Each structure stands twice: as C-alpha cells, then as structure tokens.
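Listed here are the chains, written in short residue letters.
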Protein chains: 2
Amino acid sequence: MANQQAALDTLFHALADPTRRAVIGRLLDGAAPVKRLAEPFAMGLPAFLKHLSVLETSGLIRSEKAGRVRTCYINADRLTAAEHWLAEQRAVWQGRADRLAAFVEAHNPPTT
Amino acid sequence: MANQQAALDTLFHALADPTRRAVIGRLLDGAAPVKRLAEPFAMGLPAFLKHLSVLETSGLIRSEKAGRVRTCYINADRLTAAEHWLAEQRAVWQGRADRLAAFVEAHNPPTT
DNA sequence: TTGTTGGTTTGCCATATGGTAAAGTATAGC
DNA sequence: GCTATACTTTACCATATGGCAAACCAACAA
C-alpha cells in the first residue's frame, strides 16, 4: 500500500517539530481551544495555525468549531500507528540479532 | 534538556521520508555498501548521499569507509529512542483515559 | 599506466517550510 | 448597534529540502 507510506511521511513529519510535539503533549491532558494552545509559544497565530494544520492533516489531532472558538482534540491512535512502525522495525532487528547470537553461540565456545 | 528536543527533531525528520525508511528497512537485514543501498532507488548518487547523511546525523545509521567503499550499519537504539517518546505520550494519554473511565464509572450506573 | 569503479564535491534549481505583517470575518458581550 | 475576541485569509519573505548534472578524487584491476 503506497498510501501507508504517505501517511507515515506526514505522521513523522508532524512529529519532527518541538512546537507540534508540545501541542500534542498539551492535548494529551485534555482538549483545548486554539488560543489557549497558542499562548505558550512566541509566534503569531498564522504561524501557529500552520502547525495545527500540519497536525490535523497528519491525523494526530482533530478539531471542531463552535461559535467562534475552535477546540482541538488529540487522536491517540495515530500515535500508536507511528509506534507500530517502529516496533515492527525493531522486531526485524531483534530477530536478526537473535539469529546472529544463536549462530555465534553454535560456532564458538561460550566465553564464560 | 533542550538538546533532547533537537535530537527528536532530527530523528523524526529522518524517519519522515520513504527513501530513508526503506534504507533503514534494508539495513535491518545487515550492513551494506552505499552503492548497493542506492540501487533500488531512481535517483542519482548525490541525492541519495544526502539521505544517508540525514540518517547518519540523526544517529539512525553509522558508516565506515574501507578502501574506496563505505559500508553502512544500522544503529537500532535510535529507533527505540523514537519509540520511547511515543510510548511515553501514550502512557500519559492512557493514564488520562483510565482516570476518565473511572470518573464516568463512579458517576454513572454501568450501562450493562 | 590506464581504465573503471565507488564515492565525493560543487553548483544549480524548484519547491516546501516556518515565519512575518496586515487586513478580513464572524460571533459574543455590552 | 458597537466593540472586542477568536480566528482566518492573503501576501510576502528567508531558509531548508530534495533533486539534478558535471566535474573530481582515490583505489583497485588489467
């Protein structure tokens, strides 16, 4: 699935920025409107909104507008998607490392 | 630690590209020289070397040059560093989700 | 020593990213 | 209705990214 790749692209790209990671950290603690989310950061709203948009298209957050305030929520399963990919890679690595250890074990006397 | 943030930046950024993720996948299977790594991709060596450089400065791979061939190795613990950050975030989320469930449980009759 | 191979460097280009300022829109409160 | 609030849009800018072509260098191989 080529689409999976694009999803991982945008997902990891969204995570590759301290502002965006901070927003995620903040939202883990509960939903919040744009203005409150933006407060801690030394940048204008337009710049901040771009970050939110990156986060939203990556699926890491979603948002709803009620009246004039837009509230943002986290989408925790996207986090686990990224975690999943990493875990898979590590599994491959560990599989190989284990086989390698077994090979060494089988062909060398134990060093103890 | 502000440096941790920069490390995560480069780490996630390195992962946010299908070529680079493919290289990682390939290297999990064992070390390989630059040329062999580059073969599957439809781009010139200079472009590919940039990807390798991104991977190397992120710490995800390392490389050694012997004679005229540079061999690349994976650095699996960097993968777990990224995994770690994600796991931490998920833990916060789950903690909150659990508390929320407990709250709902305590204030509402079970729906069964 | 003369190629050829494997990698590197240099210069260039198009596009994407991350930020600004300033003007615009729509709702909430008085 | 008037005004402040909470975004939103537009236009613009500097830098980073991802790619190319072409020249270059070092080390095997013949």
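Up top is the structure.
This one's a predicted model, so the numbers in the text were calculated from it and none came from an experiment.

**Looking at the environment of Gly 30 of chain B**
Residue and element names in this part refer to chain B.
- Structurally, Gly 30 can be placed in the loop between helix H2 (18-27) and strand S1 (32-33).
- Its relative accessible area of 8% is what places Gly 30 among the buried residues.
- Once the C-alpha coordinates of Gly 30 and Ile 74 are considered, the two residues, 44 residues apart in sequence, prove to be 7.9 Å apart.

**Re the sheet that holds strand S2 (residues 61-66) of chain B**
Residues and elements named next belong to chain B.
- Spatial strand order, S1-S3-S2: 3 strands in an open sheet with antiparallel pairing. Whereas interior strands pair on both sides, the edge strands pair on one side only; in this sheet they are S1 and S2.
- Two elements, S2 and strand S3 (residues 69-74), share 6 bridges in a ladder whose sense is antiparallel. Counted as the bridge partner of Arg 62 is Tyr 73 from S3.
- Lying over the sheet, H2 contacts S1, S2 and S3, oriented at roughly 85° with respect to S3.
- Strands in contact with helix H4 (residues 45-57) are S2 and S3; relative to S2, the strand with the most contacts, it is inclined by about 120°.

**Some remarks on the side chain of Asp 9 of chain A**
- Along the chain, Asp 9 of chain A turns up in helix H1 (residues 2-15).
- On the accessibility criterion, Asp 9 of chain A (19% relative accessible area) is buried.
- Apart from residues lying up to four places away in sequence, Asp 9 of chain A is in contact with Ala 16, Asp 17, Pro 18 and Arg 21 of chain B.

**What to know about the pattern of salt bridges**
- The full count for this structure, using the stated rule, is 6 salt bridges over all chains.
- Taking the shortest distance from any N to any O, the salt bridge between Asp 9 of chain A and Arg 21 of chain B comes out at 2.8 Å. Here Asp 9 of chain A is found in helix H1, whereas its partner Arg 21 of chain B is found in helix H2 on a different chain. There is no split in this pair, since Asp 9 of chain A and Arg 21 of chain B are both buried.

**Re the interface of chain A and chain B**
- Counting residues at the interface gives 29 residues for chain A, matched by 29 residues for chain B.
- Between chain A and chain B, a total of about 2,600 Å² is buried, with carbon and sulfur atoms accounting for 68% of that surface.
- At the junction of chain A and chain B, the tally comes to 4 salt bridges.
- Taken together, chain A and chain B are joined by 6 residue pairs in polar contact (both at pLDDT 80 or more).
- Mapped onto the side of chain A that touches chain B, the elements with two or more residues apiece are H1, helix H2 (18-28) and helix H5 (76-107) of chain A.

Rules behind the numbers
- Residues numbered from 1 in each chain as written.
- Chains lettered and ligands numbered in written order.
- Predicted model: local features only at pLDDT ≥ 70, side-chain atom pairs only at ≥ 80, totals over all residues.
- Heavy atoms only, no water.
- Helix = DSSP H or I, 4+ residues; strand = E, 2+ residues; numbered from the N terminus.
- Buried < 20%, exposed > 50% of the residue type's maximum accessible area, 1.4 Å probe, protein only.
- Pairing = 2+ DSSP bridges.
- Contact = heavy atoms within 4.5 Å.
- Axes fitted to C-alpha atoms, helices over the stretch in contact; angles between N-to-C directions.
- Salt bridge = Lys/Arg side-chain N within 4 Å of Asp/Glu carboxyl O.
- Buried area = accessible area lost by both parts, 1.4 Å probe.
- Polar contact = N/O pair within 3.5 Å; in protein donor to acceptor, adjacent residues only side chain to side chain.

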